[in-house]
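Letter by letter, the chains look like this.
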Amino acid sequence: MKIPRDAVLLRVFLGESDRFEHRPLYEAIVLKAREMHMGGATVLRGPMGFGPTSRLHTAKLLRLSEDLPIIVEIVDAREKIDAFLPVLDSMMGSAW
């Protein structure tokens, strides 16, 4: 799949422990993006971060977190990203 010249980046922030249908949510998102023939997807794991609750998640040895930050980035044409958003919303909604 060739990535369009005027591609759009979709960035999704979630936690490592978030799940969708008995698998990690980040994995489910990437597999769905591949199934929908998106241009490309990358999963990045953050060593430190916090979310809406302001609870700090860190990979430091003395305070090992089981829910490190995860970023999923998906790149493709705006039309394909727009078509993917409702699918992503349903996956994210059931992960909570």
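Residues numbered from 1 in each chain as written. Predicted model: local features only at pLDDT ≥ 70, side-chain atom pairs only at ≥ 80, totals over all residues. Heavy atoms only, no water.

(A) Up close: the side chain of Glu 73. Structurally, the position occupied by Glu 73 is in strand β7 (residues 69–76). We classify Glu 73 as buried; its relative accessible area is 19%. For Glu 73, the residues in contact, after removing those within four places along its chain, are Leu 9, Leu 10, Arg 11, Gly 40, Ala 41, Thr 42 and Leu 44. (Helix = DSSP H or I, 4+ residues; strand = E, 2+ residues; numbered from the N terminus. Buried < 20%, exposed > 50% of the residue type's maximum accessible area, 1.4 Å probe, protein only. Contact = heavy atoms within 4.5 Å.)

(B) Spatial organisation of a nonpolar patch on the surface. Among the surface-exposed residues, Met 48, Phe 50 and Leu 56 lie close enough to one another that they form a single nonpolar patch of about 310 Å² accessible area. Tracing the chain through its elements places Met 48 in strand β5 (residues 48–50). (Patch = residues over 30% accessible without salt bridge, like charges linked within 9 Å, V, L, I, M, F, W, Y side chains within 5 Å. Areas by Shrake-Rupley, 256 points an atom, 1.4 Å probe, with all protein chains shown as cover. Salt bridge = Lys/Arg side-chain N within 4 Å of Asp/Glu carboxyl O.)

(C) Main features of the pattern of salt bridges. By the definition in use, this model includes five salt bridges. Where Glu 16 meets Arg 45, a salt bridge forms, and the shortest distance between an N and an O atom there is 2.7 Å. Of the two residues, Glu 16 is situated in the loop between β1 (8–15) and β2 (19–20) and Arg 45 in strand β4 (residues 40–45); the sequence distance between them amounts to 29 residues. Its salt-bridge partner being Glu 35, residue Lys 32 comes within 3.0 Å of it at the nearest N-O pair. Placement of both Lys 32 and Glu 35 in helix α1 (residues 25–35) is noted, with a separation of three residues, approximately one turn of the helix. The exposed category is assigned to Glu 35, whose relative accessible area is 53%.

(D) Local environment of the pairing of β7. Here β7 lies mainly inside the structure; six of its eight residues are buried. Pairing analysis gives eight bridges linking β1 to β7, with the strands arranged antiparallel. Bridge assignment links Val 8 to a residue of β7, and that residue is Asp 76. Where β4 meets β7, six bridges bridge the pair, whose relative direction is antiparallel. The residue of β7 that forms the bridge with Gly 40 is Val 75. (Pairing = 2+ DSSP bridges.)

(E) The arrangement of the sheet that holds β1 in detail. As summarised here, the arrangement of the three strands in space is β1-β7-β4, forming an open sheet in which the pairing is antiparallel. Two strands close off the open sheet at either side, each with one partner strand: β1 and β4. Mean inter-strand twist for the sheet, computed between neighbouring axes without regard to direction, equals 20°. Running over the sheet, α1 touches β1, β4 and β7 and is turned about 5° from β7. (Axes fitted to C-alpha atoms, helices over the stretch in contact; angles between N-to-C directions.)

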